[in-house]
Amino acid sequence: MAEATARRIDRLDVAPRFTAADAHRLNNLFRGRDTQEMLKAVMGDAMLGDVAVVSSFGAESAVLLHLVAKADPAIPVLFLNTGKHFPETLAYRDLLVERLGLTNLQILIPDAEELAARDENGLRWSYDPDGCCAIRKVAPLEKALAPLDASITGRKAFQSSTRAALPRFELDGDRLKVNPLIDWVKADIDAYFEAHDLPRHPLEAQGYPSIGCAPCTSKVKPGDDPRSGRWSGWDKTECGIHTPIPDGDPEQPMF
């Protein structure tokens, strides 16, 4: 009996945290449900395990942060400080954290040795934006997400064609990625800002509907794709922390 018990204790649980079936189930469970109701359910009942919000503190970030703050102001909020942000973004980050009562802001920074080896002069963005994002965004976020079971993002289908097929719950390796605002349109975002008197990012009024790192963000003409000002002139639409989902992907159904 003792030997059998020892064997059970020594066994490793190698099952994935989440599978495509889990994403399907959650999309079905919360189909048509109110966003705030959904967030309170998955966060309050710990349905997602250990979870964090990933926020750029960009033009529309206040909406998701307000929603999650109402559900749990102590949820970890991960911010990638790439060293290339607009000063206005850093000031806006601090304003929102204080205004919304968020108590667990975690600022992620690139590895100093990797920066020294691969981007010593800080200009990699000018000739290799994918490599710059990999060093300053992808690697630090992967490290921070490693012990977590799920992450929450502010992505929305209307932002670009590469996001049009996103579901509410998607599989990200063996973690879940939750997109609570995926079916919100610009009018919904604007109405929420007004209803809750949320401060706007100061650069939005200057023609920046999507705001990332300063060197790779430019103004957008009225009527153009909101994300067309990101990496303008490059065949690049995402920084690498999110992967576009093609229409008809059987593993990531739209709900």
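Up top is the structure these notes are about.
This one's a predicted model, so the numbers in the text were calculated from it and none came from an experiment.

> How should I be thinking about the sheet that holds strand β4 (residues 150-152) in this particular structure?
Sheet strands line up and pair through hydrogen bonds in the backbone, either parallel or antiparallel. The six strands lie next to each other as β3-β2-β1-β4-β6-β5, forming an open sheet whose pairing is mixed. Of all the strands in the sheet, just β3 (105-108) and β5 (169-172) have a single pairing partner and so form its edges. Strand-to-strand twist of the sheet, defined as the mean angle between neighbouring strand axes without regard to direction, takes the value 30°. Of the strand pairs in this sheet, strand β1 (residues 51-54) and β4 are connected by three bridges, and their pairing is parallel. Looking at β4, one finds that V53 is bridged to I152. Helix α7 (residues 129-145) contacts β1, β2 (77-80), β3, β4 and β6 (175-178) of the sheet and is inclined by roughly 155° relative to β2.

> Would you mind showing me how to read the pattern of salt bridges here?
Between side chains of opposite charge, a pair can form as their charged atoms come close. Applying the stated rule across the entire model yields twelve salt bridges. For D94, the salt bridge is made with R93, and the minimal N-O distance between the two is 2.9 Å. Of the residues examined, D94 reaches a relative accessible area of 40% and is grouped as partly exposed. For R93, a relative accessible area of 9% translates into the label buried. R136 is the salt-bridge partner of D119, the closest N and O atoms lying 2.8 Å from each other. Residue D119 is found in the loop between α6 (112-118) and α7, and its partner R136 is found in helix α7; the two are separated by 17 residues along the sequence. Across the pair, R136 and D119 agree in class, each one buried. The structure contains a network of salt bridges with shared partners spanning K186, D190, R200 and E204.

Each value, and the rule that gives it
Residues numbered from 1 in each chain as written. Predicted model: local features only at pLDDT ≥ 70, side-chain atom pairs only at ≥ 80, totals over all residues. Heavy atoms only, no water. Pairing = 2+ DSSP bridges. Helix = DSSP H or I, 4+ residues; strand = E, 2+ residues; numbered from the N terminus. Axes fitted to C-alpha atoms, helices over the stretch in contact; angles between N-to-C directions. Contact = heavy atoms within 4.5 Å. Salt bridge = Lys/Arg side-chain N within 4 Å of Asp/Glu carboxyl O. Buried < 20%, exposed > 50% of the residue type's maximum accessible area, 1.4 Å probe, protein only.

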